[in-house]
Amino acid sequence: MGRCDFTSNNDFDRITQTELRDRMSNAKSVVKLAREQGVRMVDLKFVDTFGTWQHFSVPVSELTVAVFSEGFGFDGSSIRGWKSIESSDMLAIPDPTTAFVDPFCAVPTLSLICTIAETGTREGYNRDPRGIARRGEAYLNSTGLADSAVFGPEAEFFIFDDVRFDHRQNGTFYSVNSEEAAWNSGADESPNLANKIRYKEGYFPVPPVDTQQDLRTEMVLVMEELGIKIERQHHEVATAGQAEIDFRFDTLVKTADTMMLYKYIIKNVAKKHGKTVTFMPKPLYGDNGSGMHTHQSLWKGGKPLFAGKEYAGLSRMALHYIGGILKHAKALCAICNPTTNSYKRLVPGYEAPVNLAYSARNRSAAIRIPTFSESPKSKRIEYRPPDPAANPYLCYTALLMAGLDGILNKMDPGEPMDKNLYDLTPAELKEVPQVPSSLSAAMDELEKDHAFLLKGGVFTSDFLEMWVEHKRKEDDAIRLRPHPYEFHLYYDV
């Protein structure tokens, strides 16, 4: 496949997207280059509480140096979990370092990611997820332990050909379909060429069984054009188009920004080809779900702090960081696994990391220490329970706060678990803590254990109370509805 031509409808052939982004490091350069490159519109993007990118657009004539400090006003009362109607005015403050030309707009459009502030004071809004992540980075610096937290997520997703669902008082249903799925082996496709992926065998046969190689490659090329450094792409374990594209690690806020752009690109490239993408953790019964394994490390002065002479080549700091995450892991699920669907993935089997232990190489542990390289720069921990339904700003910040709590309080992570946790006897397994079994149980854990999130004013009690209230409503919405399978089980009672 050649270079992905997604700028054919605008005038940006004179400068590549990567060069454009590299040069847009401050407000003046953004305004200057927008004029030089013939931008017509400016799209302001920001993330809401629950991880959805929102946006509004202004003509390029509204883009001045001043707006990068003064912001753009908008009504925040319609954003989930934000302002009430009587105090709804808010400001979107664009970050010039996030500028990119939106490849999915017909008219040349410059896109900027924003942080949200209060009108009048211009103080960061305490429920803005990007603002929370920025406060997390500031808190890290204030501790003197490190000057940067590095995150590398591995987000999985499903590419489907057709999705239908509905819910009413008197009935509900959902249906997903994929041309490569095992359940289509006998479908009348005129002709059916039988190139189907058996359940749990998608990792990773070559085409023609893998039907989405070119589609994933196009997603990669668009990402690279927008400055995202890609490490690999491949089909994942599940049938029906499960995929993974991995991008290079970066600091906390930058990684979360990239994750939002990553989802945006994947969904829009899929739509261009008549397909649809979901980051739901468990859209299919009886097959693997989608996780977001999250690699983490701390650095100071350009030097890695997790390399040492302890277990698996880790430092004592890294072990204390692990201790903090394991101590707070059940509460972390409320933020890192924030949907009722998350707990259909977090069940024993299906490679789901439900057991709260750590190990080198062992992928059945919640925390794995990768051993691909002995380089100090590669020393990190991989926390496996999170899923891609999580708001990345909140997820990564919560993980950082738990790890820092472990370091500051020198928490002992206990002994590593180097045996297959799924092969333990029932008696042995009883000794290994597990993640909560439901969203409601995760909220119970967060209500009991959240002081570590409040340090440095990173998260606030107001935010956490709002979060728990909304998530309990989501849990009730599922709990109170009859399930279609209940008719199969109980209709004839």
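Residues numbered from 1 in each chain as written. Predicted model: local features only at pLDDT ≥ 70, side-chain atom pairs only at ≥ 80, totals over all residues. Heavy atoms only, no water.

## A look at empty space enclosed by the protein
Summary: where empty space remains is shown by rolling a probe the size of a single water molecule over the atoms. According to the stated counting rule, one finds one cavity of 30 Å³ or more in the structure shown. Considered as a void within the structure, the largest cavity measures approximately 30 Å³ in volume. Mapped by element, the contributors of at least two residues to the lining of the largest cavity are strand S1 (41-47) and strand S6 (109-118). Of the residues contributing to the lining of the largest cavity, the split by class is six nonpolar, no polar and two charged. (1 Å grid on protein atoms, 1.4 Å probe; cavity = no way out; pocket = protein on both sides within 12 Å on 5 of 7 lines; lining within 4 Å. Points joined across faces, edges and corners; volume = space filled by probe spheres on them. Helix = DSSP H or I, 4+ residues; strand = E, 2+ residues; numbered from the N terminus. Nonpolar A, V, L, I, M, F, W, Y, C, P; charged D, E, K, R; others polar.)

## Some thoughts on the packing of helix H5 (residues 213-225) against helix H6 (residues 252-272)
A pair of packed helices can be characterised by two numbers: the angle between their axes and the separation between those axes. Where H5 meets H6, the axes come as close as 9 Å, and the angle between the chain directions of the two elements is 135 degrees. The angle between H5 and H6 falls in the class oblique. The hand of the H5/H6 crossing is right-handed. Across the interface between the two elements, Leu-215, Glu-218, Met-219, Val-222 and Met-223 of H5 pack against Tyr-262, Ile-265, Ile-266, Val-269, Ala-270 and Lys-272 of H6. (Axes fitted to C-alpha atoms, helices over the stretch in contact; angles between N-to-C directions. Parallel < 35°, antiparallel > 145°, perpendicular 65-115°, else oblique. Left-handed = near helix turned anticlockwise from the far one by under 90°. Contact = heavy atoms within 4.5 Å.)

## Quick look at the pattern of salt bridges
According to the stated counting rule, one finds 25 salt bridges in the structure shown. For the salt bridge of Lys-196 with Glu-189, the shortest nitrogen-to-oxygen distance reads 3.0 Å. A salt bridge links Lys-272 to Glu-218; the shortest N-O distance between them is 2.7 Å. Here Lys-272 is found in helix H6, whereas its partner Glu-218 is found in helix H5, with 54 residues between them in sequence. The exposure class assigned to Glu-218 is buried, which follows from its relative accessible area of 7%. When salt bridges with common partners are traced through the structure, they connect Asp-43, Lys-45 and Asp-102 into a single cluster. (Salt bridge = Lys/Arg side-chain N within 4 Å of Asp/Glu carboxyl O. Buried < 20%, exposed > 50% of the residue type's maximum accessible area, 1.4 Å probe, protein only.)

## Topic: H5
Between its first and last C-alpha atoms H5 spans 18 Å; for 13 residues at 1.5 Å apiece the expected length is 18 Å, and the two agree. Residues of H5 that are buried include every one of Leu-215, Arg-216, Thr-217, Glu-218, Met-219, Val-220, Val-222, Met-223 and Glu-225, and no others. At the C-terminal side of H5, Gly-227 shows a positive phi close to 90 degrees. (Expected span 1.5 Å × (residues − 1).)

## Thoughts on the pairing of S1
Of all seven residues that make up S1, six are buried, and the element is covered over most of its length. Relative to S6, S1 runs parallel, the two sharing five bridges. Paired with Leu-44 across the bridge in S6 is Leu-112. Alignment of S1 against strand S2 (residues 53-59), held across seven bridges, turns out to be antiparallel. (Pairing = 2+ DSSP bridges.)

## A look at the layout of surface pockets
Roughly 900 Å³ of internal volume is contained in the second largest pocket. What lines the second largest pocket is a set of 41 residues, and nearest its centre among them are Glu-154, Glu-244, Asp-246, His-295 and Arg-368. Of all the elements in the fold, those that place two or more residues in the lining of the second largest pocket are strand S7 (148-160), strand S10 (230-235), strand S11 (242-247) and strand S14 (292-300). By residue number, the principal contributor to the lining of the second largest pocket is S7, which donates six residues. Considering only residue class, the lining of the second largest pocket consists of 12 nonpolar, 12 polar and 17 charged.

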